[in-house]
Amino acid sequence: CLVGRNIGHYRDEARYDCRLTAFALYLPDYYPITAKSLLSRQGLFDEEADLDDIILRRADCGTGELNYQMTPLRCTGREAYPNVLMILLDGLRLDAVEPTRTPFLARFARDALVFEQHYSGGNSTRMGMFSFFYGLPGGYFDSVYASQTPAVLIERFATAGYDFGVFAAYSLSSPGHLDRTAFAEIPGLVGQPDYPNEGRDSRDAALVATWVEFLDRRTSAGPLFGYLHFDPPITNLPPDTPFPAALNDQALAATGDDRARRELLEYRRRLHFVDGLLARVWDDLVERGLADDTIVLITGDHGEEYDDSGQDFWGHGTGYSNYQIRTPLMIRWPGRAPARFGHRSSHYDIAPTLMTEVLGC
């Protein structure tokens, strides 16, 4: 029974068939096997070839006991919608934006709406991104994942005729499971390649190249929705990457046995590299004439800690200090003057704001 049940589960999980996998939500202490990547590598399952069947299987899932959304939306149509580009940086610390180490982000902030007391909805990618797209606490994630219910925010973007360019440096399927939650009904997102992260290749640099190629191929005159998820904490640094003096190899060597200082400096080196990639994304928007018609939102899925609170917390998902749950939020909104806000804001606010201010709901 155990072997047969797990074989059935990892087969259906890979095929996005929730008729069996949805039961995992209701069985106590039940953690069945998943093997989508293994099956794909062995040639037993081709996500791209099975895309149409996948979407049909999702439609058969239903929402079960999940009552989302609770009341019908009332939306007024707009003659024209602005482009929207969401840029997420994995593990973007609350103190990450600084003129020397992240010059582009510092320049971007000067012309943006900056929320100085911003919180993620969790201390991990899965919970942070769930709160970001759904405006709901992470306790609802399992129900949404089991029924593969997309975010209302993304459904409304699709209804408004937006073109979707959605790319993540790590993949959409793990750890955030965005392909089965927020973007579950957006075609063309299944089977996104896993970018390289070795030698001269950086998955974050490959992400930018993919985004630029997407814009080059785009022929539609409709509004654009872009989502780019970078991963500074683990991105590979190409050889001979230049850094400010404060982040060079001598500074790294000077940290000695101080693990916290050494890992924080390495994090800042990688973030400085990604900051240069963000500048390329922005400059490309300017060259295409899209910058003045695009709402650009930059934030993190959660924070990142290097024992800053002195409680032996490292990385993320290890505690609930401000270093793990706070992250910057900057929005460049055409037609709105730059401003800084000191009140508390959170990822729960983002979906309602965009639904109201952009989509007229």
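If you're wondering where the values come from, they're calculated on a predicted model, not measured in any experiment.

Colleague: Before we go on, may I ask you to explain the side chain of H229 in this structure?
Modeller: With respect to the element layout, H229 can be found in strand β4 (residues 224-230). For H229, a relative accessible area of 0% gives the class buried. Among the polar contacts made by the side chain of H229, one reaches the side chain of Y170 at a distance of 3.5 Å. Discounting residues that sit within four places of it in the chain, H229 has contacts with L88, D90, T125, M129, F167, A168, A169, Y170, L207 and D301.

Colleague: Looking at this structure, how should I read a nonpolar patch on the surface?
Modeller: A cluster of nonpolar side chains, contributed by L20, F23, L25, Y26 and L27, occupies part of the molecular surface with about 460 Å² of accessible area. Here L27 is to be found in the loop between α2 (18-21) and α3 (36-41).

Colleague: I keep staring at the nonpolar core and nothing clicks. Help me out?
Modeller: Across soluble globular proteins, nonpolar side chains have a tendency to be buried as a group. With 44 residues, the main nonpolar core has M86, F133, I154, F157, F183, F225 and Y227 as its most contacted residues. Apart from the residues within four sequence positions on either side, F225 is in contact with V84, M86, I154, F157, Y162, D163, F164, G165, V166 and F183. Counting residues in each nonpolar core, the second largest holds 40 residues, with L105, W211, L224 and L278 among its members.

Colleague: What exactly am I supposed to notice about the packing of aromatic side chains here?
Modeller: To describe a pair of aromatic rings, you give the distance between the ring centres and the angle between the ring planes. For the structure on display, the rule yields 19 aromatic pairs. Ring geometry for Y68 versus Y134: centroids 5.6 Å apart, planes at 50°, classification tilted. Here Y68 is found in the loop between α4 (51-61) and β1 (83-89), whereas its partner Y134 is found in helix α6 (residues 125-134), with 66 residues between them in sequence. The burial state of Y68 is the same as that of Y134; both residues are buried. Consider the rings of F108 and W282, whose centres lie 6.1 Å apart with planes at 85°: the pair is edge-to-face. Residue F108 is found in helix α5 (residues 103-110), and its partner W282 is found in helix α11 (residues 259-287); the two are separated by 174 residues along the sequence. An aromatic cluster of at least three residues, connected via ring pairs, comprises Y81, F132, F133, F157, Y162, F164, F183, F225 and Y227. For the cation-ring pair, R259 lies above W314, with the distance from its terminal atom to the ring centre recorded as 3.6 Å.

Colleague: What should I look at first to understand helix α8 (residues 152-159) in this one?
Modeller: Helical geometry: 3.6 residues make up each α-helical turn, so side chains three or four residues apart lie on a common side. Among the residues of α8, those classed as buried are V152, L153, I154 and F157. Buried residues along α8 sit in contact with β1, α6, β3 (163-168), β4 and α13 (350-357). Phi turns positive one or two residues past the end of α8, at G161, with a value near 90°.

Colleague: Explain the sheet that holds strand β2 (residues 113-119) to me, please; I cannot follow it from the model alone.
Modeller: Within a sheet, adjacent strands bond to each other through the backbone by hydrogen bonds, running parallel or antiparallel. Spatially, β3-β4-β1-β5-β8-β2-β9 is the arrangement adopted by the 7 strands of the open sheet, whose pairing is mixed. Where the open sheet ends on each side, the last strands, each with one partner, are β3 and β9 (339-346). On average, adjacent strands in this sheet sit at an angle of 15° to one another, irrespective of strand direction. Where strand β5 (residues 294-300) lies against strand β8 (residues 329-332), 4 bridges are found, and the strand directions are antiparallel. Each bridged residue has a counterpart across the sheet, and for T299 the counterpart in β8 is L329.

Colleague: What is the right way to read the packing of helix α9 (residues 203-217) against α11 from this model?
Modeller: In helix packing, the relevant descriptors are the interaxial angle and the interaxial distance, both defined with respect to the helix axes. Relative to each other, α9 and α11 sit at 5°, their axes nearing to 10 Å. Taken together, the axis directions place α9 and α11 in an arrangement best described as roughly parallel. In this structure, α9 contributes D204, A205, V208, W211, V212 and L215 to the contact, and α11 contributes V274, L277, R280, V281 and D284. Classifying every residue of the contact of α9 with α11 by side-chain character gives 8 nonpolar, no polar and 3 charged.

Colleague: Explain the state of the cysteines here, please?
Modeller: Any covalent bond linking the sulfur atoms of two cysteines counts as a disulfide. Tallied over the entire structure, the rule returns 1 disulfide. The disulfide partner of C75 is C361, and the S-S distance across this bridge is 2.0 Å. Since a negative S-S torsion denotes a left-handed disulfide, the C75-C361 link at about 105° is right-handed. Taken together, the residues C75 in the loop between α4 and β1 and C361 in the segment after α13 connect sequence positions 286 residues apart.

Colleague: Could you clarify how one ought to interpret unusual backbone geometry in this entry?
Modeller: A negative phi angle is the norm for most residues apart from glycine, just as the trans form is the norm for most peptide bonds. Across the junction of Y68 and Q69, the peptide omega takes the value 5°, indicating a cis bond. Checked against the element boundaries, Q69 lands in the loop between α4 and β1. Even without a glycine there, the phi angle at D307 is positive, about 60°. Within the secondary structure, D307 is located in the loop between β6 (305-306) and β7 (314-315).

Colleague: When you look at the packing of α8 against α13 in this model, what are you seeing that I'm missing?
Modeller: Direction vectors running N to C along α8 and α13 enclose 25°, while the axes themselves pass 10 Å from each other. As far as their axial angle goes, α13 and α8 are roughly parallel. Crossing hand, α8 versus α13: left-handed. For the pair α8 and α13, the contacting residues are V152, L153 and R156 in the first and A351, L354 and M355 in the second. In the contact of α8 with α13, the residues fall into 5 nonpolar, no polar and 1 charged.

Procedures and definitions
Residues numbered from 1 in each chain as written. Predicted model: local features only at pLDDT ≥ 70, side-chain atom pairs only at ≥ 80, totals over all residues. Heavy atoms only, no water. Helix = DSSP H or I, 4+ residues; strand = E, 2+ residues; numbered from the N terminus. Buried < 20%, exposed > 50% of the residue type's maximum accessible area, 1.4 Å probe, protein only. Polar contact = N/O pair within 3.5 Å; in protein donor to acceptor, adjacent residues only side chain to side chain. Contact = heavy atoms within 4.5 Å. Patch = residues over 30% accessible without salt bridge, like charges linked within 9 Å, V, L, I, M, F, W, Y side chains within 5 Å. Areas by Shrake-Rupley, 256 points an atom, 1.4 Å probe, with all protein chains shown as cover. Salt bridge = Lys/Arg side-chain N within 4 Å of Asp/Glu carboxyl O. Core = buried A, V, L, I, M, F, W, Y, C linked by side-chain atoms within 4.5 Å. Phe/Tyr/Trp six-rings, centres within 6.5 Å; stacked < 30°, edge-to-face > 60°. Lys NZ or Arg CZ within 6 Å of the ring centre and 35° of its normal. Pairing = 2+ DSSP bridges. Axes fitted to C-alpha atoms, helices over the stretch in contact; angles between N-to-C directions. Parallel < 35°, antiparallel > 145°, perpendicular 65-115°, else oblique. Nonpolar A, V, L, I, M, F, W, Y, C, P; charged D, E, K, R; others polar. Disulfide = S-S within 2.5 Å. Left-handed = near helix turned anticlockwise from the far one by under 90°.

The values are spatial; any link to function lies outside them.
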